[in-house]
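Here is what each chain is made of, one letter per residue.
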Amino acid sequence: MPIHDNNTTAIKVKDIYGFSASRKKMHGSVIEKREWICKLRVLEQKQGIPSWAKSLPVESIQEIVRKNPSIVPERYVKSHEERPNQNSLSPLTSQTPTIDFSLLSQQNEDELQKLDLACKEWGFFQIINHGVSENLLQKMQATAAEFFKLPIEEKKKYAMASDDIQGYGQAYVVSEQQNLNWGDLIYLQIFPSRYRKMSYWPTIPEFKETIEDYSSAVNKVAVQLLPNISVILGLDKDGLHGLHQEIMQGIRMNYYPKCCKTDLVLGVSPHSDQTTITILLQDDDEVGLQIHHQTGWVPVKPVPNTLVVNVGDVLEVWSNGRYRSIEHRAVTYEKKERMSFATFIVPDQEVELEPLDQMMDRHYGPRMYKKIKYGDFVRHSLARKLAGKTHTEFLKIET
């Protein structure tokens, strides 16, 4: 893949680094690999790729567990109100809506109504018959597992920089005293490809190819889903796609190690996503995702070969609150580690977010949200710790 400098001159990677950039040939000496990463990061800085936010470095949870699996450091213990106790669970377990994607593609009216109800009442739904092959889903899980199995010193080569969220580490860490989540992650920007920072892409076999294949397949799902949401909102079929100007897509691979005190920690604190939609691949074996519905938390039981979709903050603003982003969280397990893979679909950072005219009338009610550039909104959100939907409060018009 050609890389462009500030003068938009195409430069071959192998000409920069002095050795072939074939991912299969990047397993030379440690020195070669370190030099390759350093040179690539210098080039990425020159390209002016957006960073959006920063997150302070913290110790890997995997390493904490490896050193002493019988302790939970105080910094990871949640307050009594936040802890995932059984009393907070809703009786509606596993009743999240399921949408047949093959019927949506045929503009089936019943399925469109189910989609509208899912977006309005739940903000979450699972999709079946989505077209992403079972083999690719399994390959994605296996490839990410290989990365998280690497020694910590190897994973640290891909650690987030002090001014960025791409790479390996934890997100939303904004202070040294902050309470933390029981999970590690690696975040990579996928589309547009000019925003990729390849120095954060692990060079383990087939990693790049698998991420690209999986992300392209999920992108197709998103590009087919957005017109259906446009239709049920009363927009032109290409309405939502056009509002993005250019669809941006990133992937966050989450790893939740085993925990000896699962009742004291959370893999991810309650939050909503700063996205249009998020498409999630869960582990097939364990229920880790919980969504807030009505007065309790609903565990979302994994169904093999399904994808979970949730409404994000962007769609909430565009729909003037008709569809609302929903708080969700992740829990941990004592005997088994868990992974999940969240694909974020968002608009270009220069897009002006505001309620659509069609969403403000006597039927939908008055305007509820201010106007703001998406890039400004996401920077505001990522500069805060995860805390439910508090990051969206400044968007709302006071009444």
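Residues numbered from 1 in each chain as written. Predicted model: local features only at pLDDT ≥ 70, side-chain atom pairs only at ≥ 80, totals over all residues. Heavy atoms only, no water.

When pLDDT is averaged along the protein, the result is 87, and 84% of the positions lie at 70 or above. Scored below 50 in pLDDT, residues 1-28 makes 49 contacts in the model with residues more than four places away or belonging to other chains. (pLDDT = per-residue confidence, 0-100. Contact = heavy atoms within 4.5 Å.)

Here we take up the packing of helix α5 (residues 109-122) against helix α8 (residues 207-232). Contact geometry of α5 with α8 gives a least axis separation of 10 Å together with a crossing angle of 85°. Here α8 runs roughly perpendicular to α5, going by the angle between their axes. Contacts between α5 and α8 involve Leu-112, Leu-115 and Asp-116 from the first element and Leu-225, Asn-228, Ile-229 and Ile-232 from the second. Looking at the contact of α5 with α8 residue by residue, the class counts come to five nonpolar, one polar and one charged. (Axes fitted to C-alpha atoms, helices over the stretch in contact; angles between N-to-C directions. Helix = DSSP H or I, 4+ residues; strand = E, 2+ residues; numbered from the N terminus. Parallel < 35°, antiparallel > 145°, perpendicular 65-115°, else oblique. Nonpolar A, V, L, I, M, F, W, Y, C, P; charged D, E, K, R; others polar.)

Attention now moves to the sheet that holds strand β13 (residues 328-330). With antiparallel pairing, four strands are arranged side by side in an open sheet as β8-β13-β10-β11. Only two strands of the sheet have a single neighbouring strand rather than two, namely β8 (268-271) and β11 (296-299). On average, adjacent strands in this sheet sit at an angle of 25° to one another, irrespective of strand direction. Bridge analysis of strand β10 (residues 289-293) against β13 gives three bridges, and the strand direction is antiparallel. Each bridged residue has a counterpart across the sheet, and for Leu-289 the counterpart in β13 is Ala-330. (Pairing = 2+ DSSP bridges.)

The next point concerns the packing of helix α6 (residues 134-148) against α8. Where α6 meets α8, the axes come as close as 10 Å, and the angle between the chain directions of the two elements is 140°. Overall, the two elements α6 and α8 adopt an arrangement that is oblique. For the element pair α6 and α8, the recorded crossing hand is left-handed. For the pair formed by α6 and α8, the contact residues are Leu-136, Leu-137, Lys-139, Met-140, Thr-143 and Phe-147 on the first element and Phe-207, Thr-210, Ile-211, Asp-213, Tyr-214 and Ala-217 on the second. (Left-handed = near helix turned anticlockwise from the far one by under 90°.)

Let us now look at helix α11 (residues 374-382). Those residues of α11 not exposed but buried are Tyr-374, Gly-375, Phe-377, Val-378, Ser-381 and Leu-382. One side of α11 holds all its buried residues, which, seen down the axis, span an arc of 160°. Buried residues in α11 make contact with α10 (313-318), β14 (338-346), β15 (352-353) and β16 (372-373). (Buried < 20%, exposed > 50% of the residue type's maximum accessible area, 1.4 Å probe, protein only. Arc of directions from axis to C-beta.)

Next up on the list: the environment of Gly-234. Note on placement: Gly-234 falls in the loop between α8 and α9 (239-243). In sequence terms Gly-234 and Gln-358 are 124 residues apart; their C-alpha atoms lie 7.7 Å from each other.

Within a beta sheet, neighbouring strands are joined by backbone hydrogen bonds and run either parallel or antiparallel to one another. Strand order in the open sheet formed by eight strands is β3-β4-β12-β9-β14-β7-β6-β5, with mixed pairing between adjacent strands. Each edge of the sheet is formed by a strand with only one pairing partner; in this case those strands are β3 (98-100) and β5 (167-169). Along the sheet, successive strands turn relative to each other by an average axial angle of 25°, direction set aside. As defined by bridge partners, strand β6 (residues 184-191) adjoins strand β7 (residues 248-256) across seven bridges and the pair is classed as antiparallel. When the bridges of β7 are listed, Ile-186 appears paired with Met-253. With respect to the sheet, α5 is in contact with β3, β4 (124-128) and β12 (307-311), its orientation differing from that of β3 by roughly 150°.

Once that is clear, we can look at α5. With 14 residues, α5 should cover 20 Å at 1.5 Å per step; its first-to-last C-alpha distance of 19 Å lies within 8% of that length. Listed in full, the buried residues belonging to α5 are Glu-111, Leu-112, Leu-115, Asp-116, Ala-118, Cys-119 and Trp-122. Of the residues that open α5, the one with a side-chain oxygen 3.1 Å from the backbone nitrogen of Asp-110 is Asn-108. Just past α5, the residue Gly-123 takes up positive phi, approximately 75°. (Expected span 1.5 Å × (residues − 1). Polar contact = N/O pair within 3.5 Å; in protein donor to acceptor, adjacent residues only side chain to side chain.)

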